[in-house]
Amino acid sequence: MEIGIVVGTVTATRKDESLVGAKMLVTQPVGIDDQPSQAQPIITVDTVGAGVGEKVIFVKGSIASRAFDNDNAPVDAAIVGIIDMLECDYGKG
Amino acid sequence: MEIGIVVGTVTATRKDESLVGAKMLVTQPVGIDDQPSQAQPIITVDTVGAGVGEKVIFVKGSIASRAFDNDNAPVDAAIVGIIDMLECDYGKG
Amino acid sequence: MEIGIVVGTVTATRKDESLVGAKMLVTQPVGIDDQPSQAQPIITVDTVGAGVGEKVIFVKGSIASRAFDNDNAPVDAAIVGIIDMLECDYGKG
Amino acid sequence: MEIGIVVGTVTATRKDESLVGAKMLVTQPVGIDDQPSQAQPIITVDTVGAGVGEKVIFVKGSIASRAFDNDNAPVDAAIVGIIDMLECDYGKG
Amino acid sequence: MEIGIVVGTVTATRKDESLVGAKMLVTQPVGIDDQPSQAQPIITVDTVGAGVGEKVIFVKGSIASRAFDNDNAPVDAAIVGIIDMLECDYGKG
């Protein structure tokens, strides 16, 4: 899983019908120092109640659909946790 | 999911038979500022009625086949929504 | 899917038995301007009759095995179409 | 699989319910010389008893869920081994 | 699939039980000119009898588990062939 910060929301009226009702958030991947990584922001489905500004754990790939109510939905990124604490005592941390 | 802008179309007469009838669009990945990212344009299957110039949400990987009528088709990228509004009030947004 | 140009062939006598008979082509990912991208050439299974020098559509990931006769084969890249025409009228195109 | 060094831990009270009880470790991908690669640290589920400072083997993608007790969990990275010895006698090794 | 050269071996006593008996080799991704690519070496499961110094074909992602005896094993990279000959007559080849 990767670390990200929720930076916005996205609205799409015309979409795959299995995505109707999905809460889609724009998430910026970040490092353990909270700085944005070089990766572009992605659109993540949220099922844990995340909001803009929160630091989250997200998954990518087909497994992301399992976090969503409808696991047949074409979802490849999902927020699966909201980070309380990240402790890095070693190496770059 | 990622953000992209549809930039063109592709025609392929000889193709996997499960792709016959598929609408294939060339999509350029972009950032939240609509600027092209460093990623190459990709070929996406469209099932939501997207057209050239529209800003879309697309998925990558095996899950993309679920957006397509024939989920046994060898499809690894699909447009699953057309973006109405993208609001980024935080961080880089 | 991605755009590539077939640049060569590969022969492997010792291989996974499910790959026996597979036609394996070396494919260079390219941009919409036909210029090689920074990505390394990959080995793709071909089931649509592509040849060296042709511009093709290829898929990556587990879905590629569906394009192959034996979908239990450990194949992660397959040519699924030969491009007749690519029209990019927008943006970088 | 990739090589990494466990550099920290992460706590998330609000998370996908299938992740309750999961031990989540922050892992920095490294090269065969133990130097951090350019890739960002990722969050990995651990089922083999790894601890901070250990050099581990981790998998990415949907297959990672198989290493976890609940293979329906939305897990895309898992530690599957703790490295005792890495011998590279060839090339860059 | 990608091209690599086997550069070493890895030993892990503590590991996922489905990996017991797996032969794990360190593989450096290379280009068609045999030069190492920028990608880090990865750990690949071998089922075709590859050895250090050999040029191989490897697959990545969940499909790699199909090359392994136990396809429930958390394996995301596997050697599926040993290259006899690579002929690139076109473009960069």
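Everything in this summary refers to the structure shown in the same document.

What counts as what
- Residues numbered from 1 in each chain as written.
- Chains lettered and ligands numbered in written order.
- Predicted model: local features only at pLDDT ≥ 70, side-chain atom pairs only at ≥ 80, totals over all residues.
- Heavy atoms only, no water.
- Helix = DSSP H or I, 4+ residues; strand = E, 2+ residues; numbered from the N terminus.
- Buried < 20%, exposed > 50% of the residue type's maximum accessible area, 1.4 Å probe, protein only.
- Contact = heavy atoms within 4.5 Å.
- Buried area = accessible area lost by both parts, 1.4 Å probe.
- Salt bridge = Lys/Arg side-chain N within 4 Å of Asp/Glu carboxyl O.
- Polar contact = N/O pair within 3.5 Å; in protein donor to acceptor, adjacent residues only side chain to side chain.
- Pairing = 2+ DSSP bridges.
- Nonpolar A, V, L, I, M, F, W, Y, C, P; charged D, E, K, R; others polar.
- Least-squares fit on C-alpha atoms with pLDDT ≥ 70 in both.

## Focus: the overall build of chain A
Within chain A one finds zero helices and six strands. Shown N-terminal to C-terminal, the secondary structure of chain A runs as helices and strands in the order β-β-β-β-β-β. Dimensions along the principal axes, computed over C-alpha positions, put chain A at roughly 45 × 20 × 20 Å. For chain A, the proportion of its 93 residues judged to be buried stands at 56%. In chain A, 51% of the contacts between residues at least 6 apart in sequence involve partners at least 24 apart.

## As for the interface of chain A and chain B
Many authors give the size of an interface as the accessible area that is lost as the parts come together. On the side of chain B, 29 residues touch chain A, which itself brings 33 residues to the contact. Of all residues in chain A, Arg14, Ile43 and Asp76 of chain A bury the most surface against chain B, accounting for 24% of the area lost on that side. Here chain A is connected to chain B by one salt bridge. Note that Arg14 of chain A is salt-bridged to Glu54 of chain B, the shortest N-O span being 2.9 Å. Where chain A touches chain B, the interface holds ten residue pairs in polar contact (both at pLDDT 80 or more). Elements with a minimum of two residues in the side of chain A that touches chain B: strand 1 (2-11), strand 2 (24-29) and strand 3 (42-46) of chain A. Among the elements that line the side of chain A that touches chain B, the one with the most residues is strand 1 of chain A, at seven residues. In the sheet, strand 1 of chain A pairs with strand 6 (residues 85-88) of chain B via four bridges, with the strands oriented antiparallel. If you follow Val10 of chain A over to strand 6 of chain B, its bridge partner there is Leu86 of chain B.

## Considerations on the interface of chain A and chain D
At the interface, 30 residues of chain A touch 33 residues of chain D. The junction of chain A with chain D conceals about 2500 Å² of combined surface from both sides, 58% of it contributed by carbon and sulfur atoms. Contact with chain D buries surface across chain A, with Met1, Arg66 and Tyr90 of chain A losing the most and accounting together for 29% of the total. One can count one salt bridge joining chain A with chain D. Counting the contacts that link chain A with chain D gives ten residue pairs in polar contact (both at pLDDT 80 or more). Those elements giving two or more residues to the side of chain A that touches chain D turn out to be strand 1, strand 4 (55-60), strand 5 (77-82) and strand 6 (85-88) of chain A. Residue composition of the side of chain A that touches chain D, grouped by class: 17 nonpolar, five polar and eight charged.

## Observations regarding the relation of the copies chain A and chain D
For the pair chain A and chain D, the best superposition has an RMSD of 0.0 Å and corresponds to a rotation of 72° with a translation of 0.0 Å parallel to the axis. The operation mapping one copy onto its partner corresponds to a five-fold rotation axis. Comparing interface residues between copies, only 3% of those in chain A also sit at the interface in chain D, which points to a heterologous contact through distinct surfaces.

## With respect to the pairing of strand 3 (residues 42-46) of chain E
Residue and element names in this part refer to chain E. Most of strand 3 sits out of view: five of its five residues are buried. Residues Ile42, Thr44 and Asp46 point to one face of strand 3 and Ile43 and Val45 to the other, with burial holding for every one of them. The sheet contact formed by strand 2 (residues 24-29) and strand 3 spans four bridges and is antiparallel. Its bridge partner lying in strand 3, Met24 is registered against Val45. The pairing of strand 3 with strand 5 (residues 77-82) spans two bridges and is parallel. For Val45, the partnering residue across the bridge sits in strand 5 and is Ala78.

## Quick notes on unusual backbone geometry
Residue and element names in this part refer to chain A. Phi at Asp34 is positive, roughly 70°, even though this residue is not glycine. Locating Asp34 in the fold gives a position in the loop between strand 2 and strand 3. Residue classification places Asp34 among the partly exposed residues on the basis of a relative accessible area of 33%.

## Considerations on the relation of the copies chain A and chain B
Two chain copies, one operation linking them: a rotation about an axis together with a shift along it. Overlaying chain A with chain B gives an RMSD of 0.0 Å, the required rotation being 72° about an axis along which the chain moves by 0.0 Å. When the interface residues of chain A are mapped onto chain B, a mere 3% of them again fall at the interface, so the copies present different faces.

## With respect to the environment of Gly53 of chain B
Positionally, Gly53 of chain B belongs in the loop between strand 3 (42-46) and strand 4 (55-60). Linking Gly53 of chain B and Ala67 of chain B, residues 14 residues apart in sequence, is a C-alpha distance of 21 Å. The contacts of Gly53 of chain B, once residues within four sequence positions are left out, are Ile5 and Val6 of chain B together with Tyr90 of chain C.

## A word on the environment of Tyr90 of chain A
Looking at where Tyr90 of chain A falls in the secondary structure, it is placed in the segment after strand 6. Assessed through its relative accessible area of 37%, Tyr90 of chain A is described here as partly exposed. Residues contacting Tyr90 of chain A, with those up to four places away along its chain left out, are Ile5, Val6, Val7, Val52 and Gly53 of chain D.

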